[in-house]
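# Structural overview for review
Below, each chain spelled out in residue letters.
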Amino acid sequence: MSVTIDLSQKVALVTGGSRGIGRAVTRELARAGARVAIGYHRGESAASSLAGEIRNAAGEALTLPGDVSDPAQARRLVRDVIAAWGRLDILIANAGIWEEDRAGEGELDVWDRTIAINLRGAYLVVDAAIPHLEKACGSIVLMSSTAGQRGEAEHSAYASTKGALISYTKSLAAELGPRGVRVNCLAPGWVETDLTREALSDPNRRREIEESIPLGRVAQPEDIAGPALFLVSDLARHVQGEVLNVNGGSVLVG
């Protein structure tokens, strides 16, 4: 039996939507019929090409520049979606960075930058979107990581923010559930994106990573997009406050 997910009456905003996981999620939502707003910071060309691809396939898309760590710009992202389409049903809080920091080396700038984008940015966009999601009985998906579950050496700032997003998911789920909003979280493992390209380009390190994954391969962004689509669909209408692990079995914490 085939199952068709129909989002043709829905409006979605994907932050960090021009590249990597966000790009794949945006494409999947559009294929399901949603009107999609592609939030981006510096990837104007990539966002425009994705919007063009969606429009060429008879979908609806718009591109929205903005720095999610800035309160005014985060609010503007949501406001521009409402101005264009009058509603917001789905928010994918995906914008994030992955930078190295070594314990004992005082890399405060990395911590400040990572917290600003990965955690503060998610909070600002989510908070601005909540009144509109309440009206639509909408859905939020926050993008965490296996690093937020088990930690990650030399990336403690990243891991800390991703762990905080899991706690934020559960807090929001308890608070917003009675108000009609579903909130869940995705926790990908290694994914082939521009953020991980340098690390994965080393054949020895890549082999070690692949050997640590029971399914034996690094995920593609599309492997994360399908679970995201599930979480915002009616198939997951009774799923609330969950962390869906998409890591090939590398971290068995379900």
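Above: the structure in question.
First, a word on what this report is: a plain description of the structure on this page. (Residues numbered from 1 in each chain as written. Predicted model: local features only at pLDDT ≥ 70, side-chain atom pairs only at ≥ 80, totals over all residues. Heavy atoms only, no water.)

### Notes on the overall build of the protein chain
From N to C terminus, the protein chain includes nine helices and seven strands. A globule of 254 residues ought to have a C-alpha radius of gyration of about 18 Å, and the protein chain, at 17 Å, matches this closely. Expressed as lengths along the three principal axes of its C-alpha atoms, the size of the protein chain is roughly 50 × 45 × 40 Å. The burial tally for the protein chain puts 49% of its 254 residues in the buried class. Long-range pairs, those at least 24 residues apart, make up 71% of the contacts in the protein chain between residues at least 6 apart in sequence. For the protein chain, the exposed area adds up to about 11900 Å²; of that, 49% sits on carbon and sulfur atoms. (Helix = DSSP H or I, 4+ residues; strand = E, 2+ residues; numbered from the N terminus. Rg over C-alpha atoms; globule rule 2.2 N^0.38 Å. Buried < 20%, exposed > 50% of the residue type's maximum accessible area, 1.4 Å probe, protein only. Contact = heavy atoms within 4.5 Å. Areas by Shrake-Rupley, 256 points an atom, 1.4 Å probe, with all protein chains shown as cover.)

### Concerning the side chain of Ser145
In this structure, Ser145 sits in the loop between strand 5 (139-143) and helix 5 (147-150). A polar side-chain atom of Ser145 sits 3.0 Å from the main-chain amide nitrogen of Ala147. With sequence-adjacent residues up to four places away left out, Ser145 is seen in contact with Tyr158, Lys162, Leu186, Ala187 and Pro188. (Polar contact = N/O pair within 3.5 Å; in protein donor to acceptor, adjacent residues only side chain to side chain.)

### Digging into unusual backbone geometry
The backbone phi angle of Ala58 is positive, close to 75°, even though this residue is not glycine. Topologically, Ala58 is positioned in the loop between helix 2 (44-56) and strand 3 (61-65).

### Observations concerning helix 1 (residues 20-31)
When the terminal C-alpha atoms of helix 1 are compared, their 17 Å separation across twelve residues agrees well with the 16 Å that a helix rising 1.5 Å per residue should span. Burial analysis of helix 1 places nine of its twelve residues in the buried class, the great majority of the element. Among the residues of helix 1, those classed as buried are Ile21, Gly22, Arg23, Ala24, Val25, Thr26, Arg27, Leu29 and Ala30. (Expected span 1.5 Å × (residues − 1).)

### Concerning helix 4 (residues 108-136)
Between the first and last C-alpha of helix 4 there are 40 Å, a value that for 29 residues agrees with the 42 Å anticipated at 1.5 Å per step. At the exit of helix 4 stands Cys137, carrying a positive phi of roughly 50°.

### Points about the pairing of strand 1 (residues 11-14)
What you see with strand 1 is no split at all: Val11 and Leu13 on one side and Ala12 and Val14 on the other are buried throughout. Crossover strand 1 to strand 2 (residues 35-40) through helix 1 is right-handed. Looking at chain direction, strand 1 and strand 4 (residues 90-93) are connected through three bridges and run parallel. Counted as the bridge partner of Val14 is Ile92 from strand 4. (Right-handed = clockwise from strand over helix to strand, strands pointing away. Pairing = 2+ DSSP bridges.)

### Topic: the sheet that holds strand 6 (residues 182-188)
Across the sheet, seven strands lie side by side as 3-2-1-4-5-6-7; this open sheet has parallel pairing. In this open sheet, the two strands that pair with only one neighbour each are strand 3 and strand 7 (243-246). With strand direction ignored, the average angle separating the axes of adjacent strands in the sheet is 20°. Sheet analysis places strand 2 next to strand 3, joined by five bridges and oriented parallel. When the bridges of strand 3 are listed, Val36 appears paired with Ala61. (Axes fitted to C-alpha atoms, helices over the stretch in contact; angles between N-to-C directions.)

### Some points on the environment of Ser171
Mapping Ser171 onto the fold places it in helix 6 (residues 156-176). On the basis of relative accessibility, which here comes to 46%, the residue Ser171 falls in the partly exposed class. Residues Ser171 and Val125, 46 residues apart in the sequence, show an inter-C-alpha distance of 16 Å.

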